[in-house]
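If you want the building blocks of each chain, they are given just below.
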Amino acid sequence: MRYVPADTVEERVAGVKAMLAGPRAHVTVYHGDLDATGHLVGWGSRPQWLDQLELVDDMAARLAETLPPGSALYVTADHGMVNAVEKIDAQATPALSEGVAMFGGEARARHVYTEQGAAPAVLEAWREVLAGKAWVVSRQEAVDSGWFGPDVRREWMGRIGDLVAVPYTDCVILASATHPIEAAFVGYHGSMTAAEQLVPLLEVSTR
């Protein structure tokens, strides 16, 4: 595999064209500005996010024009995004911070690492506060439900929070003192909702 740096649309299109000049090629093109804009000002925002979407759409059309015969272009994304309607700061909420040693994960998939022996009480408190807003499960429940795949090695278990909270409404669970930049976002992803998991796949093929 060979990495070809490119910062602009023109550089990306030129790089793909050069890579496709050989007899066989598999080229991956990544554009991260649409995601970054969604985080900062929200997906669907006018004009910022829509301008970025238009840029990606134009780049895809130009890449399609470079395809040699007998090839295909697939356009997709690695995730969707939701705009936060409610922000819950766990570090500023006593019922959510008591007994907690450390917060991990992200706002739509918050891992909570508890103090020694506090896990049952913390789990109960989080379930009570976040009822109707998030799935709140223990580490073992998350593993048994397949949240981390069909086979989680024993040596990996400690990386998972003693409990995991995953919102299914348009709320986010922040740890603003530890992650102030994340707390300032508008758009988030990481949960298991359809808006975050189901993304389009577009195909253009040449014969």
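Predicted, not measured: the structure shown is a model, and the values here were computed from it.

Colleague: Which residues make up the environment of P5, and what values go with them?
Modeller: Relative to the helices and strands, P5 is located in the segment before α1 (9-19). Spatially, the C-alpha atoms of P5 and A101 are 41 Å apart, while their sequence positions differ by 96 residues.

Colleague: Describe the environment of T28, with residues and values.
Modeller: If you trace the backbone, T28 turns up in the loop between α1 and α2 (33-41). Taking the relative accessible area as the measure of exposure, T28 reaches 69% and is therefore exposed. Sequence spacing of T28 and V199 is 171 residues, and the spatial spacing of their C-alpha atoms is 18 Å.

Colleague: Describe the pattern of salt bridges, listing the residues and the values that go with them.
Modeller: Tallying each qualifying case throughout the model produces six salt bridges. With its nearest N and O atoms 2.7 Å apart, the salt bridge here joins E196 to R108. Taken together, the positions of E196 in helix α8 (residues 194-197) and R108 in the loop between β4 (100-106) and β5 (109-114) put the pair 88 residues apart, joining distant regions of the chain. R108 carries the same exposure label as E196, and that label is buried.

Colleague: So, the nonpolar core: which residues are in play, and what are the values?
Modeller: If you look at soluble globular proteins, the nonpolar side chains tend to sit buried side by side. With 18 residues, the main nonpolar core has F103, V112, V122, W126, L130, V136 and L163 as its most contacted residues. Among the elements of the structure, β4, α5 (119-129), β6 (134-138), β7 (163-167) and β8 (171-174) are those that each provide at least two residues to this core. Of all the elements, α5 adds the most residues to this core, at three residues.

Colleague: Outline the packing of aromatic side chains, listing residues and values.
Modeller: All told, the structure shown has four aromatic pairs when counted by the stated rule. A centroid spacing of 5.0 Å and a plane angle of 50 degrees characterise the contact between W135 and Y168, whose relative ring orientation is tilted. Of this pair, W135 sits in strand β6 while Y168 is found in the loop between β7 and β8, placing the two residues 33 residues apart along the sequence. Exposure remark for W135: the relative accessible area of 35% places this residue in the partly exposed category. A residue is classified by how much of its surface remains accessible, and Y168, at 35% relative accessible area, is partly exposed. Seen in terms of ring centroids, F185 and Y188 are 5.9 Å apart; in terms of plane orientation they differ by 55 degrees. Their pairing is tilted.

Colleague: So what's going on with the sheet that holds β7? Residues and values would help.
Modeller: Taken in spatial order, the four strands line up as β4-β5-β7-β6 in an open sheet, and their pairing is antiparallel. Two strands lie at the open edges of the sheet, namely β4 and β6, each paired on one side alone. Each adjacent strand pair in this sheet contributes to an overall mean axis angle of 20 degrees, direction not counted. Sheet analysis places β5 next to β7, joined by three bridges and oriented antiparallel.

Colleague: Which residues make up the side chain of S71, and what values go with them?
Modeller: Its place among the elements puts S71 in the loop between α3 (48-65) and β1 (72-75). Reaching out from S71, the side chain makes a polar contact with the backbone oxygen of P68 at a distance of 2.5 Å. Those residues within four positions of S71 in sequence are excluded, and the remaining contacts are V204, S205 and T206.

Colleague: Residue-level account of the packing of α1 against α3, with values.
Modeller: The interhelical angle for the contact between α1 and α3, taken along N-to-C directions, is 25 degrees, at an axis separation of 10 Å. Viewed along their axes, α1 and α3 adopt a mutual orientation that is roughly parallel. Handedness of the crossing formed by α1 with α3: right-handed. Residues V9, E10, R12, V13 and V16 of α1 touch α3, and the partners they reach there are L55, M59, R62 and L63. Looking at the contact of α1 with α3, its residues break down into six nonpolar, no polar and three charged.

Cut-offs applied
Residues numbered from 1 in each chain as written. Predicted model: local features only at pLDDT ≥ 70, side-chain atom pairs only at ≥ 80, totals over all residues. Heavy atoms only, no water. Helix = DSSP H or I, 4+ residues; strand = E, 2+ residues; numbered from the N terminus. Buried < 20%, exposed > 50% of the residue type's maximum accessible area, 1.4 Å probe, protein only. Salt bridge = Lys/Arg side-chain N within 4 Å of Asp/Glu carboxyl O. Core = buried A, V, L, I, M, F, W, Y, C linked by side-chain atoms within 4.5 Å. Phe/Tyr/Trp six-rings, centres within 6.5 Å; stacked < 30°, edge-to-face > 60°. Pairing = 2+ DSSP bridges. Axes fitted to C-alpha atoms, helices over the stretch in contact; angles between N-to-C directions. Polar contact = N/O pair within 3.5 Å; in protein donor to acceptor, adjacent residues only side chain to side chain. Contact = heavy atoms within 4.5 Å. Parallel < 35°, antiparallel > 145°, perpendicular 65-115°, else oblique. Left-handed = near helix turned anticlockwise from the far one by under 90°. Nonpolar A, V, L, I, M, F, W, Y, C, P; charged D, E, K, R; others polar.

Geometric descriptors of this kind do not, in isolation, establish any biological role.
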